[in-house]
Structures are given as C-alpha cells and as structure tokens.
Amino acid sequence: RYFKNKSKGHKRGITAVVEDKLTVTSNRTATKYKVEASGHALTVPEEAYQRLAKNDKIIIFKPFYGKEPLSLVTMDQHEYYL
C-alpha cells in the first residue's frame, strides 16, 4: 500500500464539519491539539487549532489506498499537513 500511495500520488478529499476541539496536556509529553470533525478525530498543529472554530467546514485529504489523513484545508484555503 505504501508503494501504491507513493507511486501514484492520488488522494481523496472528504468534506467535514468541525464538531469539537480538545487540548490534551501532560507532564511527560508535549501538548496535543485535537479536532473532532464529522466522525474523524485529527491531531492538528497549534496554528490550525487556533484558526478553526466549531461548525467550520474543512476538507480532509486521505491517500487513495490508505486510511491515515495527509492534510486538511480550511475554507479560507489554508492547508495544514498532519
């Protein structure tokens, strides 16, 4: 599957709506910023977390043959790699 994703370069976009935002902190690990969007739980960079709000529409890009998300695009055309 890795070879298929790498050689073809195809990805599919899934539209979603941000339902919830969550910050996870710990004494042992760095702070993680999570966004729940239409059944997809994503760990996003801090900049994307600050920019997104509840009920924002986003596009999640996943590889054609895989399951792990590659990036997300906000409605103001900012792309964040995951």
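Residues numbered from 1 in each chain as written. Predicted model: local features only at pLDDT ≥ 70, side-chain atom pairs only at ≥ 80, totals over all residues. Heavy atoms only, no water.

Draft legend 1. Spotlight on the nonpolar core. Counting residues in each nonpolar core, the largest one holds 14 residues, and the members touching the most others are Val 35, Val 44, Ile 58 and Leu 72. Of all the secondary-structure elements, those providing two or more residues to this core are β1 (11–24), β2 (32–37), β3 (40–44), α2 (46–51) and β4 (57–63). Once residues lying within four places of it in the same chain are set aside, the contact partners of Val 44 are Tyr 33, Val 35, Tyr 49, Leu 72 and Leu 82. (Core = buried A, V, L, I, M, F, W, Y, C linked by side-chain atoms within 4.5 Å. Buried < 20%, exposed > 50% of the residue type's maximum accessible area, 1.4 Å probe, protein only. Helix = DSSP H or I, 4+ residues; strand = E, 2+ residues; numbered from the N terminus. Contact = heavy atoms within 4.5 Å.)

Draft legend 2. Geometry of the sheet that holds β1. Reading across the sheet, the six strands line up as β3-β2-β1-β4-β5-β6 and stay open at both edges, with antiparallel pairing between neighbours. Each edge of the sheet is formed by a strand with only one pairing partner; in this case those strands are β3 and β6 (79–81). Ignoring strand direction, the axes of neighbouring strands in this sheet form an average angle of 40°. Here four bridges tie β4 to strand β5 (residues 71–74), and the two strands are oriented antiparallel to one another. Counterpart to Ile 59 in the pairing with β5 is Val 73. (Pairing = 2+ DSSP bridges. Axes fitted to C-alpha atoms, helices over the stretch in contact; angles between N-to-C directions.)

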